[in-house]
Amino acid sequence: MSEQAKADVPLLEVTNVTAGYGRGPAILNGANLTVAPGQVQCIIGPNGAGKSTLLKAIVGMLPLRTGEIRFKGERIDGLRPDEVLRKGICFVPQERALFPKMTVRENLRMGGYVLEDKAQLEERIESVLEQFPILRERAHQHAGTMSGGQQQMLAMARTLIIEPQIVMLDEPSLGLAPQIVEQMFAIMHMLRDRGMTVILVEQNAIVGLKNSDWGTVLDLGTTLFEGPARQVLDDPRIQELYLGKSAAAA
Ligand SMILES: Nc1ncnc2c1ncn2[C@@H]1O[C@H](COP(=O)(O)OP(=O)(O)OP(=O)(O)O)[C@@H](O)[C@H]1O
Ligand SMILES: [Mg+2]
């Protein structure tokens, strides 16, 4: 990703956002994020930095106190989560948000609830099952009875149903065995190669940045700095501030 490409019209732009829960203190304190299309952009930062809160603010689950969010130049702050989804921004939360008592196929159908054309919805479900044979095998199994890796695969595959422009993944590797984590990143790269832009939140900075094109560092609700993932990874500030624990775990 070149500086030039980064300078083009951003797909998503978060500017000076402050937000918090209810009447509580501000969790985001002037967060900024610029996302160029067609890449995996990783947001890293320590525990409690506000990474998940930032994603929630983007999808309209948390009102902004100040600042603005633009998608393709258009303000989206103030929209409801379903309206943000219809615009083309899909959020896979940390807890994956599957329906455990519904089958794999039913979960895929729920993922497309905003699609008006039900014939098109069924076509997209078939196409996803085509691409993920394990999900086809398990189409009638309750999602909650599958392994963590299979559930994460379902949560990510489900985003394909609405063909969003941006997919936001909050800690998709959490609780998965290393081999499964690799599979999960392969699916993430597949989403990117199919033209989607991925925003990846990772607590493990090394793993996150190695699998991304661009990195943004968040701490205490503020964007500290950003750059090409490789460069952020090698930045001494990261080594000191963030990689102590993650480096040992990677
Ligand atoms: N629903 C909530 N109500 C009140 N405070 C919350 C809520 N969710 C998160 N917080 C607080 O907001 C701060 C940032 O949390 P957040 O989950 O955004 O951090 P994070 O960077 O995603 O951390 P982690 O790496 O642990 O997932 C924390 O102090 C947390 O206690
Ligand atoms: Mg989080």
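Residues numbered from 1 in each chain as written. Chains lettered and ligands numbered in written order. Predicted model: local features only at pLDDT ≥ 70, side-chain atom pairs only at ≥ 80, totals over all residues. Heavy atoms only, no water.

**Some thoughts on the overall build of the chain**
From N to C terminus, the chain includes twelve helices and ten strands. Since a compact globule built from 250 residues should have a radius of gyration of about 18 Å, the 18 Å found for the chain is in line with a globular shape. A burial count over the chain gives 52% of its 250 residues as buried. Restricting to contacts in the chain with at least 6 residues of sequence separation, those with at least 24 account for 68%. Carbon and sulfur atoms form 52% of the exposed surface of the chain, whose accessible area is close to 11500 Å². Of the charged side chains in the chain, 26 are positive and 29 negative, and the gap between their average positions amounts to 5 Å. (Helix = DSSP H or I, 4+ residues; strand = E, 2+ residues; numbered from the N terminus. Rg over C-alpha atoms; globule rule 2.2 N^0.38 Å. Buried < 20%, exposed > 50% of the residue type's maximum accessible area, 1.4 Å probe, protein only. Contact = heavy atoms within 4.5 Å. Areas by Shrake-Rupley, 256 points an atom, 1.4 Å probe, with all protein chains shown as cover. Lys, Arg positive; Asp, Glu negative; His and termini not counted. Charge placed at Lys NZ, Arg CZ, Asp CG, Glu CD.)

**Section: the coordination of the magnesium ion (ligand 2)**
Of the protein atoms, only S52 (OG) and Q94 (OE1) coordinate the magnesium ion (ligand 2), at distances of 2.0 to 2.7 Å. Within this pair, whereas S52 is found in helix α2 (residues 51-58), its partner Q94 is found in the loop between β6 (89-92) and α4 (104-111), the two being separated by 42 residues in sequence. (Donors = N, O, S within 2.8 Å, 3.2 Å for Na, K, Ca; no water.)

**Looking at unusual backbone geometry**
Even without being glycine, N16 reaches a positive phi, approximately 45 degrees. Note that N16 resides in strand β1 (residues 12-20). For N16, a relative accessible area of 44% gives the class partly exposed. Of note in this structure, E171 is not a glycine but carries a positive phi near 50 degrees. Examined against the element boundaries, E171 turns out to sit in the loop between β7 (166-170) and α8 (178-193).

**Digging into the nonpolar core**
Counting residues in hydrophobic clusters, the biggest one holds 48 residues, and the most contacted among them are I44, L108, F132, L135, L154, L169 and M188. No other element matches α8, which puts six residues into this core. Among all residues touching L154, those that are not within four sequence positions of it are L98, V104, N107, L108, L135, A143 and M146. (Core = buried A, V, L, I, M, F, W, Y, C linked by side-chain atoms within 4.5 Å.)

**Some points on the packing of aromatic side chains**
Here the structure, examined in full by the defined rule, presents zero aromatic pairs. R237 extends its terminal NZ or CZ atom over the ring of F225, reaching a point 3.7 Å from the ring centre. (Phe/Tyr/Trp six-rings, centres within 6.5 Å; stacked < 30°, edge-to-face > 60°. Lys NZ or Arg CZ within 6 Å of the ring centre and 35° of its normal.)

**Some points on the sheet that holds β1**
Where strands meet in a sheet, backbone hydrogen bonds hold them as pairs that are either parallel or antiparallel. The strand order across the open sheet built from four strands is β2-β1-β4-β5, with neighbouring strands paired in antiparallel fashion. Each edge of the open sheet carries a strand with a single partner, namely β2 (26-35) and β5 (74-75). Contacting β1, β2 and β4 (66-71), α2 crosses the sheet at an angle of about 70 degrees to β2. (Pairing = 2+ DSSP bridges. Axes fitted to C-alpha atoms, helices over the stretch in contact; angles between N-to-C directions.)

**Section: the confidence of the model for the chain**
Of all residues in the chain, 93% attain a pLDDT of 70 or more, and the chain-wide mean is 90. pLDDT under 50 marks residues 245-250. Its contacts with residues more than four places away, or in other chains, come to nine contacts. (pLDDT = per-residue confidence, 0-100.)

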